[in-house]
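Here is what each chain is made of, one letter per residue.
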Amino acid sequence: MSSHSTLTRRLALTQTAAAAALAQSAPPAKLGLIGNGNRGTAHLAAYLKMPEIKVNALSDLDSARMDSYNSKLGGGATKYVDWRELIRDKNIDIVAIATPNFLHPEMAIAALRAGKHVLLEKPIAINYQLAKQIEAEARKSGKIFAVGMQRRYRGIDAHVQQLVDNGIIGQVRFININEYRGDWSPKGWHYTDPKSGRTANWRFLKSSSGSTELEFSVHAFSQVVQLVKSPLARCLASGAIMHYKDHETRDVCEGLIDFANGVRFTYTFCLFAQGTPGRTVIVGDKGVLRYGEDGALLLDTPAAKGQTPPPLTGHSGELAEVLMYKEFLDAIRHNRPSALSAAAAIDAAKLAWAMEIATVENRIVTAKDFA
Ligand SMILES: NC(=O)c1ccc[n+]([C@@H]2O[C@H](COP(=O)([O-])OP(=O)(O)OC[C@H]3O[C@@H](n4cnc5c(N)ncnc54)[C@H](O)[C@@H]3O)[C@@H](O)[C@H]2O)c1
């Protein structure tokens, strides 16, 4: 090695060590969390493991929920029933939003306009137009905006992504995902639709959740778009409310998606199949990766059936939410876009919006629907 390259390497190591020391000595990021319900508890669990975050404020319509969160945090957070007051709080640099889907645009845009960095729970918004408004506002604000698609940091998803990116199955050609679950938790916050006057669990109503594809399937769709790396070209879908007759959101769905690079994706969900393990099959031109919620990740190649692929490397095994927040804080520190950007969230949600349009309007949806 030349003396010049040795010097360059030493300098790089010194700079990396200095950056790590600076990150450790930096004061904790000052965060406010809006929405202290079911999902908020996963954010809370991450904060309790992260000295680099200090929760200075909480907001929820339900004071008892704020009290319960605050006691877990040691009691130091200011509590606001009105989320607008949290956004105005000068003691907050980051606003995290974990409220029902229909509230996402108003809250995220107000927080960005108030000069805060924003971590917004998935899905970005109920429709494409609102999502584009958030994206534009995030760009204009110069603040860091991320959408909480933490599943990409989960071990199995990270492993599959690494194997595919390393070319273990060659070019991805076809993906099939089947997902199952039971009904939504009855503890969900209840919303009154101003048009119909109907009050129900927000996940049952289209006006508050968007669709089941948007609320539930968007995690799988996020994985698919990261594997395929090509825009949606065409979508056909069909679905229904077969079992939960009091819901406005579907409990079964079948979707067929073609991407611009020729990859095809078939998807189904059923929400009255409690306990049934989901299944994913990713077919490449050199092999197949397959796994179910009840079994191991397996690799089929022309030479061998059911091999165990090489293990995941470079993953700390920490909670997905902790890894997500670490990436978000790093994006803030280095003033670079988060990997969980508005564009990434829109690419994933587009599959859900497309399935909704295809089902409701009984037609083929194409890229032109998102022009
Ligand atoms: N990333 C994931 O894996 C994941 C998992 C579950 C939910 N989520 C998302 O998290 C969000 C919240 O879902 P949840 O399961 O926590 O719902 P939830 O019904 O359990 O909780 C929603 C909370 O929001 C509060 N709220 C409602 N309106 C408010 C307002 N105007 N101001 C302040 N607080 C308000 C409610 O009081 C309630 O505490 C949704 O967007 C959902 O899609 C993400």
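These numbers were taken from a predicted model, which means no experiment stands behind them.

A short note on the pairing of strand β14 (residues 288–292)
Look at any regular strand and the pattern is simple: side chains alternate between the two faces of the sheet. Of the two faces of β14, the one holding Leu289 and Tyr291 is buried and the one holding Val288, Arg290 and Gly292 is not buried anywhere. Relative to β14, strand β13 (residues 279–284) runs antiparallel, the two being bridged by five bridges. Bridge assignment links valine 283 to a residue of β14, and that residue is valine 288. As consecutive antiparallel partners, β13 and β14 are separated by three residues. Looking at chain direction, β14 and strand β15 (residues 298–300) are connected through three bridges and run antiparallel. When the sheet's bridge partners are listed, arginine 290 is paired in β15 with leucine 298. Here β14 hands over to β15 after five residues, the two strands then running antiparallel side by side.

Here we look at the domain arrangement of the chain
Per the domain assignment, the segments of the chain are domain 1 (3–150) and domain 2 (152–319 + 341–370). Taking the mean C-alpha position of each, domain 1 and domain 2 sit 26 Å from one another. Contacts between the two partners involve 23 residues from domain 1, matched on the other side by 28 residues from domain 2. Put simply, the parts of the chain that give the side of domain 1 that touches domain 2 at least two residues each are α2 (38–47), α6 (128–141) and β6 (145–148).

Overview of the nonpolar core
Counting 92 residues, the largest nonpolar core has Ile124, Ala345 and Ala349 as the members making the most contacts within it. Take this core: its biggest share by element is 13 residues, from helix α11 (residues 342–361). Residue-level mapping places this core at the junction of two domains, with at least three residues from each of domain 1 (3–150) and domain 2 (152–319 + 341–370). Filtering out sequence-adjacent residues up to four positions away, isoleucine 124 remains in contact with His104, Ala131, Ile134, Val147, Ala342, Ala345, Ile346 and Ala349.

Some points on the sheet that holds strand β5 (residues 117–121)
The strand order β3-β2-β1-β4-β5-β6 describes an open sheet built from six strands, whose pairing is parallel. The open sheet has two free edges, formed respectively by β3 (78–80) and β6, since each of these has just one partner strand. Averaged over all pairs of adjacent strands, the angle between their axes in this sheet comes to 25°, without regard to strand direction. As defined by bridge partners, strand β2 (residues 53–59) adjoins β3 across three bridges and the pair is classed as parallel. Directly across from serine 59, in β3, lies its bridge partner tyrosine 80.

Notes on helix α5 (residues 104–113)
Along α5, the positions that sit buried rather than exposed are His104, Pro105, Met107, Ala108, Ala111 and Leu112. On its buried side, α5 packs onto β1 (29–34), α4 (83–88), β4 (94–97), β5, α6 and β6.

Here we look at the packing of helix α9 (residues 212–228) against α11
Closest axis-to-axis distance for the α9/α11 pair is 7 Å, and the angle between their directions is 130°. Taken together, the axes of α9 and α11 are oblique relative to one another. Crossing of α9 against α11: the hand is right-handed. The segment α9 lies against α11, with Glu213, Leu214, Ser217, Val218, Phe221, Ser222 and Val225 engaging Asp347, Ala348, Ala349, Leu351, Ala352, Met355 and Glu356. For the contact of α9 with α11, the per-class residue count stands at nine nonpolar, two polar and three charged.

Observations regarding the sheet that holds strand β12 (residues 264–270)
One open sheet accounts for eight strands, arranged β15-β14-β13-β7-β12-β11-β10-β16; its pairing is mixed. Each having just a single partner strand, β15 and β16 (365–366) make up the two edges of the open sheet. Across seven bridges, strand β11 (residues 252–259) lies against β12 in antiparallel orientation. Within β12, the residue paired with leucine 256 across the bridge is threonine 266. Contacts from helix α7 (residues 155–165) reach β7 (172–180), β13 and β14, with the element oriented near 175° to β14. The strands that α9 touches are β7, β11, β12 and β13; relative to β7, the one it contacts most, it runs at about 155°.

Conventions we followed
- Residues numbered from 1 in each chain as written.
- Predicted model: local features only at pLDDT ≥ 70, side-chain atom pairs only at ≥ 80, totals over all residues.
- Buried ≥ 20, exposed ≤ 12 C-beta atoms within 10 Å, placed from the backbone.
- Helix = DSSP H or I, 4+ residues; strand = E, 2+ residues; numbered from the N terminus.
- Pairing = 2+ DSSP bridges.
- Domains from an automatic or database assignment.
- Contact = placed C-beta atoms within 7 Å.
- Core = buried A, V, L, I, M, F, W, Y, C linked by C-beta atoms within 7 Å.
- Axes fitted to C-alpha atoms, helices over the stretch in contact; angles between N-to-C directions.
- Parallel < 35°, antiparallel > 145°, perpendicular 65-115°, else oblique.
- Left-handed = near helix turned anticlockwise from the far one by under 90°.
- Nonpolar A, V, L, I, M, F, W, Y, C, P; charged D, E, K, R; others polar.

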